[in-house]
Amino acid sequence: MTELRRLTVFTGGASGRNQVHREATRRLGAALAEAGIAVVYGGGRVGLMGTIADSALEAGGEVIGVIPEVLVEREVAHEGLTDLEVVPDMHARKARMAQLGDAFVALPGGMGTLEELFEVWTWQYLGIHAKPVALYSPEGFWDPLLAMIDHQVAEGFIADWRRDALVTAADPDQLISQLQAWRPPAHDHSGSGPLR
């Protein structure tokens, strides 16, 4: 079982074209606040990053932003957070967000969201942390990525137990309950190679 006090959220600085993703992000922010789970995120006020922060704050939740100096200088920092930590660079930001969260979730987003997701999922495999990693997938947003991961499993590049450890949910309550119920996977490395 995972004690879920803070959830580190990876998502886009853009809102995307589909209103569904903005509404799903709003619902998640509110649900996290109502469950007493703080949001840790990249500290921005724009895009879905701003949406998750604003919705959690409006519902009375705690929101901790971690933002590199360069983005503060570009005036994209959210000024109304519970706490805003300014760090030197992107590497420090990711390390601090990983340290603060009890679990990780990728919402709809772009390149940065993918990069953050794969880093913490790889860290989980390597034993750098033992925290759940999830995809929040309203209207199947992450289905094409999951199909690619399943292809990698079928081709022998990712072990099936590794795929099974990745939480996937389409609504806030499902996401929260799966993260709270998550346990580190039992696995067998025999014959699987060093990165499977």
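Look up a bit, the structure's there.
Residues numbered from 1 in each chain as written. Predicted model: local features only at pLDDT ≥ 70, side-chain atom pairs only at ≥ 80, totals over all residues. Heavy atoms only, no water.

Would you take a moment to explain the overall build of the protein chain for this structure?
In terms of helices and strands, the protein chain carries 8 helices and 7 strands. The C-alpha atoms of the protein chain give a radius of gyration of 16 Å, which matches the 16 Å a tight globule of 196 residues would have. The principal-axis extents of the C-alpha atoms in the protein chain amount to approximately 50 × 35 × 35 Å. Out of the 196 residues belonging to the protein chain, those deemed buried represent 48%. Summarising the internal contacts of the protein chain: among those between residues at least 6 apart in sequence, 71% fall at separations of at least 24. Accessible surface, the protein chain as shown: approximately 9400 Å² in total, 52% of it carbon and sulfur. (Helix = DSSP H or I, 4+ residues; strand = E, 2+ residues; numbered from the N terminus. Rg over C-alpha atoms; globule rule 2.2 N^0.38 Å. Buried < 20%, exposed > 50% of the residue type's maximum accessible area, 1.4 Å probe, protein only. Contact = heavy atoms within 4.5 Å. Areas by Shrake-Rupley, 256 points an atom, 1.4 Å probe, with all protein chains shown as cover.)

Sorry if this is basic, but what is going on with unusual backbone geometry here?
Trans is the prevailing form of peptide bonds, just as negative phi is the prevailing case for residues other than glycine. Although it is not a glycine, glutamate 139 sits at a positive phi angle of roughly 50 degrees. A residue is classified by how much of its surface remains accessible, and glutamate 139, at 63% relative accessible area, is exposed.

Can you help me understand the pattern of salt bridges in this one?
Overall, the coordinates contain 7 salt bridges when judged by the stated rule. The partner of glutamate 3 in a salt bridge is arginine 5, and the shortest N-O contact between them spans 3.8 Å. With a relative accessible area of 59%, glutamate 3 lands in the exposed category. Close ionic contact of arginine 26 with glutamate 23 constitutes a salt bridge, the shortest N to O distance being 3.4 Å. Placement of both arginine 26 and glutamate 23 in helix α1 (residues 19-34) is noted, with a separation of 3 residues, approximately one turn of the helix. (Salt bridge = Lys/Arg side-chain N within 4 Å of Asp/Glu carboxyl O.)

Even after reading the chapter, I still don't get helix α6 (residues 143-154), so can you show me in this structure?
Residues separated by three or four positions in an α-helix point in the same direction, a consequence of the helix having 3.6 residues per turn. With 12 residues, α6 should reach 16 Å at 1.5 Å per residue; the first-to-last C-alpha distance of 16 Å fits that figure. When we look at burial in α6, the residues that qualify are Leu145, Leu146 and Ile149. Viewed end-on, α6 has its buried residues packed into an arc of 100 degrees, placing them on one side of the element. Turned more than 90 degrees away from the buried face of α6 sit Pro144 and Ala154, all of them exposed. Contact partners of the buried residues in α6: α5 (111-126), β6 (133-136), α7 (160-164) and β7 (166-169). (Expected span 1.5 Å × (residues − 1). Arc of directions from axis to C-beta.)

Sorry if this is basic, but what is going on with the nonpolar core here?
Most often, soluble globular proteins keep nonpolar side chains buried together rather than apart. Within the largest apolar cluster, 28 residues are counted, with the highest numbers of intra-cluster contacts made by Leu7, Val9, Val39, Tyr41, Val105, Leu175 and Leu179. Breaking this core down by element, the ones donating at least two residues are β1 (6-10), α1, β2 (38-41), α2 (47-58), β5 (103-106), β6, β7 and α8 (172-181). Excluding anything up to four places from it in sequence, valine 105 contacts Leu7, Thr8, Val9, Phe10, Ala134, Leu135, Tyr136 and Leu175. (Core = buried A, V, L, I, M, F, W, Y, C linked by side-chain atoms within 4.5 Å.)

What is the right way to read the side chain of histidine 129 from this model?
Here histidine 129 is to be found in the loop between α5 and β6. On the basis of relative accessible area, histidine 129 is assigned to the buried category, the value being 11%. Only 3.4 Å separates the side chain of histidine 129 from the backbone nitrogen of glutamine 124, close enough to count as a polar contact. Here histidine 129 is in contact with Phe104, Val120, Trp123 and Gln124, once residues within four sequence places are set aside. (Polar contact = N/O pair within 3.5 Å; in protein donor to acceptor, adjacent residues only side chain to side chain.)

Can you walk me through the pairing of strand β3 (residues 63-68) in this structure?
Along a regular strand, successive side chains alternate from one face of the sheet to the other. Most of β3 is tucked away: 6 of the 6 residues are buried. Sheet analysis places β2 next to β3, joined by 3 bridges and oriented parallel. The partner of tyrosine 41 across the bridge, within β3, is glycine 65. The pairing of β3 with strand β4 (residues 83-87) spans 5 bridges and is classified as parallel. Residue pairing for β4: proline 68 is matched across the bridge by valine 87. (Pairing = 2+ DSSP bridges.)

Don't take any of this as a statement about function, it's just geometry.
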